[in-house]
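Coordinates in review
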Amino acid sequence: MATKKIVEVFKIQAPAGAATPAPPIGPALGPKGVSAPQFCQQFNERTKNMEKGLVIPAVITVYQDKSFTFILKTPPAAVLIKKALKLEKGSGNPLRDKVGKLTQAQLEEIAKTKMPDVNANDLEAAKKIIAGTARSMGVEVEAN
């Protein structure tokens with residue numbers, strides 16, 4: 001079996017189980033030769049067991065014959081932090097305005113979720129990365 005020639009690899013984010021070919025997804029896929037309805041159907045099928053509306057990144061590989069494959073990633077750390085603290089959004093001025101406090105248990109849970117996609121060798125390093133994201137959003141992190 002001959003390998004297909006890869007034309008392009010790109011990332012896209014869509015809500016779990018609720019991707020539609022409407023903007024922003026359709027216009028992002030169209031110029032790259034990917035069928036937006038076909039992608040949305042496959043994406044929704046693979047994310048139907050996840051929490052509705054949770055933003056899921058996908059890495060899409062487009063081949064020369066216009067076929068495609070995609071890999072689902074874990075939700076962004078900021079999305080997981082907002083979900084854990086039930087926040088609408090992060091702080092506009094993170095140094096001055098704090099919007100919540102992340103406990104060590106919540107930090108560890110988020111780090112375990114992100115472990116497959118984060119550039120860390122162990123859980124402690126992953127926790128430091130997530131804590132940095134939290135601080136940049138105006139969320140205080142409980143000390144150990």
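Conventions adopted
- The residue numbers shown here count from 1 along each chain, following its written sequence.
- Reporting in this predicted model follows two pLDDT cut-offs: at least 70 for local features of residues, and 80 or more for side-chain atom pairs to be given and counted; totals over whole chains, interfaces and linings ignore these cut-offs and use all residues.
- Note that the side-chain values use all heavy atoms of the structure and ignore hydrogens as well as water.
- UniProt positions are given in the numbering used here, feature names are shortened, and annotations may be inferred rather than shown by experiment.
- Numbering of helices and strands runs from the N terminus; a helix is a DSSP stretch of H or I covering at least four residues, while a strand is a stretch of E covering at least two.
- Working rule for contacts: check all heavy atoms of both residues, and any pair within 4.5 Å makes them a contact.
- Only strands that DSSP links by at least two bridges are regarded as paired with each other.

Going by what an unreviewed UniProt entry lists, the chain is known as Large ribosomal subunit protein uL11 and is assigned to Treponema ruminis. Of the chain, the UniProt comment under Sequence similarities (unreviewed entry) reads exactly: "Belongs to the universal ribosomal protein uL11 family." According to UniProt, the comment filed for the chain under the heading Function (unreviewed entry) is "Forms part of the ribosomal stalk which helps the ribosome interact with GTP-bound translation factors."

Turning our attention to the environment of Glu 51. Take Glu 51: it is sitting in the loop between helix H2 (36-47) and strand E2 (55-63). Counting along the chain gives 36 residues from Glu 51 to Pro 15, while the straight-line C-alpha distance between them is 9.1 Å. Dropping the residues within four chain positions of it, Glu 51 is found in contact with Ala 16 and Lys 83.

Turning our attention to the pairing of strand E3 (residues 68-72). Bridge count for E2 against E3 is 5 bridges, and the pairing is antiparallel. Among the inter-strand pairings, Thr 61 is bridged to a residue of E3, identified as Thr 69. Hairpin connection of E2 to E3: 4 residues between the antiparallel strands, including Lys 66 at a positive phi of 70 degrees.

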